[in-house]
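# Report on the structure
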Amino acid sequence: MLTDQVAAEFWNVGYVAIEGFLTVEECDSLREQIAKVVDDMDVPKHLQTEFSTDESEQLKTQGSTDYFLTSGDKIRFFFEKGVFDSKGDLLVPKEKSLNKIGHALHALEPTFKNLTCSPKVKEVTQKLDLQEPVIVQSMYIFKQPRIGGEVTPHQDATFLYTEPLGRIMGFWIAMEDATENNGCLWFIPGSHKAGISRRMLRAPKGEYPLLKFIGQEHNYSDDEFISAPVKKVIGNFLQGNTALHFLIPARNAQESQVSRRAYPNSWRSCAQKWFKHIRSITPCLYLPHNGIQGY
């Protein structure tokens, strides 16, 4: 599945795609299970949280309550902007309202756990030299048609920081075809070699909002990014320092008429003294200032 040549490309470019990483049946089983999870969803109005990748909105929404910050060992629901009326009632069907579900599907939902911890995933972590791999978080991304907007340029290591830097790896598995028209991944080849310039941290106790950023995101030019469209069942693998984003034509959410579902999960190496390894194939406690903490 993953040759030495492909592994070398990953470390050189910061990205690689593996054809047929999942079977169609495996993808469909995850989608069917998510439909059940959504059907059972019941989020109290005072906990309804809109998800955004814009920095100011992140601090206002995700950084304003514990609902996001304590989701590392739970299955919680994060909504698209504009799906609630003034009373907090949904304006769209609930299956069309969600931005993502996170961040512990891999630990708490058996269908996702079995797939995430399967031999094929373990094989990839070994081939990519991820020592003592553990999962930090997992998400199910919906990218709803017409309302699912752009994910701004970022590096995963901004939010999942490790020392030494670069011990984070993202597995992004396409649940549907991801194209330039519905918001596929774009990335800058080789950008993982330049480190990061921004970090999300938990604010000191007593400060508000509960999250803060230090540093500034790189000022990327659009023409630095190349697109990486993939078919359903293909796995994208990203080094955590790689600059990436997801956008649709003209960065206009209204232009995307179809969804772009994906199951991303983040792995990190625990083979360093500053990690406390809890147990195999579960999240680990890592730097305590990171926004999302696992078990």
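Now for a quick tour of the structure. Keep in mind that what you see is a predicted model, and the values were worked out from it rather than measured.

### Let's talk about the environment of Gly20
Take Gly20: it is sitting in the loop between strand E1 (15-18) and helix H2 (24-39). In this structure the C-alpha to C-alpha distance between Gly20 and Val233, which are 213 residues apart in sequence, comes to 5.4 Å. Those residues in contact with Gly20 that lie beyond four places of it in its chain are Val233 and Ile234.

### Things to note about the sheet that holds E1
Ordered in space as E1-E11-E6-E13-E4-E3-E2, the seven strands form an open sheet in which the pairing is antiparallel. Looking at strand neighbours, the two that pair on one side only are E1 and strand E2 (75-79), the edges of this open sheet. When the angles between neighbouring strand axes are averaged without regard to direction, this sheet yields 20 degrees. Here strand E6 (residues 168-174) pairs with strand E11 (residues 235-239) via five bridges, running antiparallel. Residue pairing across strands places Met169 opposite Gln239, the latter belonging to E11. Against the sheet, helix H7 (residues 119-127) touches E1, strand E4 (133-141), E6, E11 and strand E13 (262-269), its axis set at about 140 degrees to E6.

### Some details on the packing of aromatic side chains
In this description, a pair of aromatic rings is defined by centroid distance and the angle of the planes. Evaluated as defined, the whole model comprises 15 aromatic pairs. Between Tyr140 and Phe142, the aromatic rings sit 5.1 Å apart at their centres with planes inclined by 65 degrees, giving edge-to-face as the arrangement. Positioned above the aromatic ring of Phe78, the side-chain terminus of Lys100 is 5.7 Å from the ring centre. The ring of Tyr161 has Arg199 lying over it, and the distance from NZ or CZ to the ring centre is 3.7 Å.

### Focus on the pattern of salt bridges
If you walk through the whole model with that rule in mind, you get nine salt bridges. A salt bridge links Lys45 to Asp89, with the shortest nitrogen-to-oxygen separation between them at 2.8 Å. Of this pair, Lys45 sits in the loop between H2 and helix H3 (55-60) while Asp89 sits in the loop between E2 and strand E3 (98-103), and the two are 44 residues apart along the sequence. When its relative accessible area of 32% is taken as the criterion, Asp89 is described as partly exposed. A salt bridge links Lys231 to Asp177; the nearest nitrogen and oxygen atoms lie 3.7 Å apart. Of this pair, Lys231 sits in the loop between strand E10 (226-228) and E11 while Asp177 is found in the loop between E6 and strand E7 (185-187), placing the two residues 54 residues apart along the sequence. On the basis of relative accessible area, Lys231 is assigned to the exposed category, the value being 55%. Each of Glu55, Arg198 and Glu217 takes part in salt bridges that share partners, so that together they form one network.

### Let's talk about the nonpolar core
Membership of the largest hydrophobic core comes to 52 residues, with the highest contact counts inside it found for Leu22, Phe77 and Ile101. Sort the elements by how many residues they give to this core and H2 lands first, with five residues. Setting aside chain neighbours within four positions, we find Ile101 in contact with Ile34, Val37, Val38, Ile75, Arg76, Phe77, Ser138, Met139, Tyr140 and Phe142. Trp172, Trp186, Phe187 and Val230 belong to the second-largest nonpolar core, a separate cluster that totals 20 residues.

Quick notes on the rules
Residues numbered from 1 in each chain as written. Predicted model: local features only at pLDDT ≥ 70, side-chain atom pairs only at ≥ 80, totals over all residues. Heavy atoms only, no water. Helix = DSSP H or I, 4+ residues; strand = E, 2+ residues; numbered from the N terminus. Contact = heavy atoms within 4.5 Å. Pairing = 2+ DSSP bridges. Axes fitted to C-alpha atoms, helices over the stretch in contact; angles between N-to-C directions. Phe/Tyr/Trp six-rings, centres within 6.5 Å; stacked < 30°, edge-to-face > 60°. Lys NZ or Arg CZ within 6 Å of the ring centre and 35° of its normal. Salt bridge = Lys/Arg side-chain N within 4 Å of Asp/Glu carboxyl O. Buried < 20%, exposed > 50% of the residue type's maximum accessible area, 1.4 Å probe, protein only. Core = buried A, V, L, I, M, F, W, Y, C linked by side-chain atoms within 4.5 Å.

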